[in-house]
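Residue-level structure breakdown
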Protein chains: 2
Amino acid sequence: MEVLIFGAAGMVGRKLVERLVQEGHLGGREITKAILHDVVEPQAPQGAPFTITTHASDFSAPGDAEKLVASRPDVIFHLAAIVSGEAEADFDKGDRINLDGTRRLFDAIRLIGDGYQPRVVFTSSIAVFGAPFPEAIGDEFFLTPLTSYGTQKAIGELLLADYTRRGFFDGIGIRLPTICVRPGKPNKAASGFFSGIIREPLNGQEAVLPVPEDVRHTHASPRSAVNFLMHAATLDGGKLGARRNLTMPGVSVTVAEQIDSLRRIAGEGVAARIRLEPDPTIMSIVEGWPRRFDAQRARSLGFQAENSFDEIIRIHIDEELGGKFVE
Amino acid sequence: MEVLIFGAAGMVGRKLVERLVQEGHLGGREITKAILHDVVEPQAPQGAPFTITTHASDFSAPGDAEKLVASRPDVIFHLAAIVSGEAEADFDKGDRINLDGTRRLFDAIRLIGDGYQPRVVFTSSIAVFGAPFPEAIGDEFFLTPLTSYGTQKAIGELLLADYTRRGFFDGIGIRLPTICVRPGKPNKAASGFFSGIIREPLNGQEAVLPVPEDVRHTHASPRSAVNFLMHAATLDGGKLGARRNLTMPGVSVTVAEQIDSLRRIAGEGVAARIRLEPDPTIMSIVEGWPRRFDAQRARSLGFQAENSFDEIIRIHIDEELGGKFVE
């Protein structure tokens, strides 16, 4: 089977490619080819048991998506996006990539016609929700994005459901919670501190906590994100009916609980590297974010996340730090 | 003030224009000009106390919407749409008018910039909802359209909310229930019988009822539809917050209750002109339609519909039949 990945150079995309290379199969079928796409050239891992081609282009440009789907891949992962902050700062760019790009990709598949009906896995986001929220957001709560990014993702979800209903392809949309612990350098995302307060202390560095410890949020590890994608790629679509977009499960914890986990796993000295420095701007952004989900549908369809934040930290130490941290 | 109406040649559009001509004011401000647009030339009523210009064109064509908004109208009513059945039969046409057209119109307004921020009233539809439903659909129930038309309307709602949040314009979206009694000839819409079983008997003609009498549905008169539009045009947007799309109120009745009303108002002889002739296709379409709404937000913001189906019938007899019917 052939797999096509948009956004293959991103953090989750790279981990997905690694997993596909490791397993060599998807849903019991042998992978024969993977096409990796991003706006910058994705890296092809060594030693893959299948052919890998890499492509760098703007998939929102007319005709671009058509070329990429022309070989009729069996599974298409659509992970490409202009992220929240950038789509807010540059409306036209977010609109062009997140909305036009997604639509052009979906239409490129539709226009092949001829019975071609690949599984399309679309990564949406909890940014499709906007305050005020109920205590836990249920599977039938309406989409009320408060960012252009969230709006563009919600539109992608609606198109995915309609294109699936009409038989243009077989789509599943997954709303990822905040992915934690993100490896790499600190970034400027408002949500960056959720990873930073774990990652930096484990590296022997100080981390700044810009919000009070009672802030609650939902997390899943990068490993869970890849698990969600793999499961969505192979799940029997008939089980979903017309509602093709799912809130993924995660671990809902307060920042205090995150820090307790860190203390349990790495000790008081590591946890002491977190310094509270309230940032009113970040606090007001975080106010508008969902805290907890009741992701019943996804769980009942077999999507699984971690059961505790301890597990999320252990995965980070295991995958990114070779099992060791700076005490 | 200047008013621009897209879809001015449609049933609701014509009634809206008549009302504006009658009143000469909108929200206490004098109307100085009305621009009427549709794909066919709209008719300008005689004796209007303001200038009327009429335009026929395809507003989804690049550059078309720009010309229509260039005079910076204060209020823009967007009623233009390819209806449900046609958008389902001709995907490309529905996509082009309902999605691209709406987006091009919204962008034409956005690109004027320069502080221009008109009130935009967008007619959405209860087709944004799809079965299975709760007993009454609340204001926070999610949008799960089961038609391409409903999908395109839901996308319009999302864009309207985001463009308003960003200050590109000041939008309000209103989800109309089924408008009943529709004047004129029977049409082929699956929902046509809801009007037909009232309109035809009052005209001395037989009407066919294709569904069982226990089917429940929500209705509002054409007069209410115009009231909704007028209220939406002048409502203080600050009262809505970020959630700019509202389910309009209506009268939720079973078909049996519709027929009881007809019998009460026009007599047994008129009601006896309804003949039950079950149509499995129409029955299965109607199965997927919402039955009842809890339109609390709209009511609390001052939107009002009829209180009974009797009232809906009386409005039809009054407005369309000059107060008389065939006994």
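Residues numbered from 1 in each chain as written. Chains lettered and ligands numbered in written order. Predicted model: local features only at pLDDT ≥ 70, side-chain atom pairs only at ≥ 80, totals over all residues. Heavy atoms only, no water.

Chain A is annotated in an unreviewed UniProt entry as NAD-dependent epimerase of Microvirga aerophila.

**Points about the overall build of chain A**
In terms of helices and strands, chain A carries 12 helices and 14 strands. Each of the three principal axes of chain A carries a C-alpha extent, and together these read 60 × 45 × 40 Å. The 327 residues of chain A split such that 55% are buried. Of the contacts made within chain A by residues no fewer than 6 positions apart, 77% connect residues no fewer than 24 positions apart. Surface summary for chain A: the accessible area is close to 13200 Å², and the carbon and sulfur share equals 48%. In chain A, 36 positive and 43 negative side-chain charges are present, and the distance between their average locations comes to 3 Å. (Helix = DSSP H or I, 4+ residues; strand = E, 2+ residues; numbered from the N terminus. Buried < 20%, exposed > 50% of the residue type's maximum accessible area, 1.4 Å probe, protein only. Contact = heavy atoms within 4.5 Å. Areas by Shrake-Rupley, 256 points an atom, 1.4 Å probe, with all protein chains shown as cover. Lys, Arg positive; Asp, Glu negative; His and termini not counted. Charge placed at Lys NZ, Arg CZ, Asp CG, Glu CD.)

**A closer look at the UniProt feature "domain: NAD-dependent epimerase/dehydratase" (unreviewed entry) in chain A**
With numbering matched to this structure, UniProt assigns "domain: NAD-dependent epimerase/dehydratase" (unreviewed entry) to residues 3–208 of chain A. Taken as a whole, residues 3–208 of chain A contains 37% helix and 20% strand, while its terminal C-alpha atoms sit 40 Å from one another. (UniProt positions renumbered as here; feature names shortened; annotations may be inferred.)

**Some words on the packing of aromatic side chains**
Going through the model one piece at a time under the given rule, you end up with 28 aromatic pairs over all chains. Between Phe 106 of chain B and Phe 169 of chain B, the ring centres sit 5.0 Å apart and the planes meet at 65°, which makes this aromatic pair edge-to-face. Placement of the pair is Phe 106 of chain B in helix H4 (residues 91–112) and Phe 169 of chain B in the loop between helix H5 (148–165) and strand E8 (170–176), with a sequence separation of 63 residues. Pairing Phe 193 of chain B with Phe 194 of chain B gives two aromatic rings, centres 4.2 Å apart and planes at 35°, and the pair type is tilted. A single burial state applies to Phe 193 of chain B and to Phe 194 of chain B, both of which are buried. A network of ring pairs unites the aromatic residues Phe 91 of chain A together with Phe 106, Phe 122, Tyr 163, Phe 168 and Phe 169 of chain B as a single cluster. The cationic tip of Arg 110 of chain A hangs over the ring face of Phe 168 of chain A; the distance from NZ or CZ to the ring centre is 5.5 Å. (Phe/Tyr/Trp six-rings, centres within 6.5 Å; stacked < 30°, edge-to-face > 60°. Lys NZ or Arg CZ within 6 Å of the ring centre and 35° of its normal.)

**Observations regarding the sheet that holds strand E1 (residues 2–6) of chain A**
All names here are of chain A. Taken together, the seven strands give an open sheet; going across it, the order is E5-E4-E1-E6-E7-E8-E12, and neighbouring strands pair in parallel fashion. Of all the strands in the sheet, the pair left with one neighbour each is strand E5 (51–56) and strand E12 (245–247). Averaged over all neighbouring strand pairs, the angle between strand axes comes to 15°, with direction disregarded. Relative to E12, strand E8 (residues 170–176) runs parallel, the two being bridged by three bridges. Bridged to Ile 174 within E12 is Leu 246. Sheet strands in contact with helix H1 (residues 11–23) are E1, strand E4 (33–38), E5 and strand E6 (75–78), and its direction is about 165° off that of E1. (Pairing = 2+ DSSP bridges. Axes fitted to C-alpha atoms, helices over the stretch in contact; angles between N-to-C directions.)

**Quick look at the interface of chain A and chain B**
Contacts between the two partners involve 34 residues from chain A and, on the opposite side, 34 residues from chain B. When chain A packs against chain B, close to 2900 Å² is buried across both sides, 53% of that on carbon and sulfur atoms. Considering only the side of chain A, the residues that lose the most area to chain B are Phe 142, Leu 158 and Arg 243 of chain A, jointly responsible for 22% of the buried surface there. Along the contact surface separating chain A from chain B lie 10 salt bridges. Across the pair Asp 95 of chain B and Arg 103 of chain A runs a salt bridge whose closest N-O atoms are separated by 3.1 Å. For the side of chain A that touches chain B, the elements supplying multiple residues, two or more each, are helix H3 (84–89), helix H4 (91–112) and helix H5 (148–165) of chain A. (Buried area = accessible area lost by both parts, 1.4 Å probe. Salt bridge = Lys/Arg side-chain N within 4 Å of Asp/Glu carboxyl O.)

**What to know about the sheet that holds strand E13 (residues 251–254) of chain A**
Residue and element names in this part refer to chain A. With mixed pairing, three strands are arranged side by side in an open sheet as E9-E11-E13. Every other strand in the sheet has two partners, leaving strand E9 (178–179) and E13 as the edge strands with one partner each. Two elements, strand E11 (residues 216–220) and E13, share four bridges in a ladder whose sense is antiparallel. Counterpart to Arg 216 in the pairing with E13 is Thr 254.

**Details of empty space enclosed by the protein**
This structure, assessed with the given rule, holds seven cavities of 30 Å³ or more. As a volume, the largest cavity reaches approximately 500 Å³. What lines the largest cavity is a set of 32 residues, among which Phe 142, Leu 143 and Leu 158 of chain A together with Phe 142 and Leu 143 of chain B lie closest to the centre. If one sorts the elements of the lining of the largest cavity by residue count, H5 of chain B sits on top with five residues. Grouping the amino acids of the lining of the largest cavity by side-chain chemistry returns 15 nonpolar, six polar and 11 charged. Forming the boundary of the second largest cavity are Phe 142 of chain A together with Asp 139, Arg 175, Arg 243, Asn 245, Leu 246, Thr 247 and Arg 297 of chain B. Ranked by residues supplied to the lining of the second largest cavity, first place goes to strand E12 (residues 245–247) of chain B with three residues. Of the residues in the lining of the second largest cavity, the class split is two nonpolar, two polar and four charged. (1 Å grid on protein atoms, 1.4 Å probe; cavity = no way out; pocket = protein on both sides within 12 Å on 5 of 7 lines; lining within 4 Å. Points joined across faces, edges and corners; volume = space filled by probe spheres on them. Nonpolar A, V, L, I, M, F, W, Y, C, P; charged D, E, K, R; others polar.)

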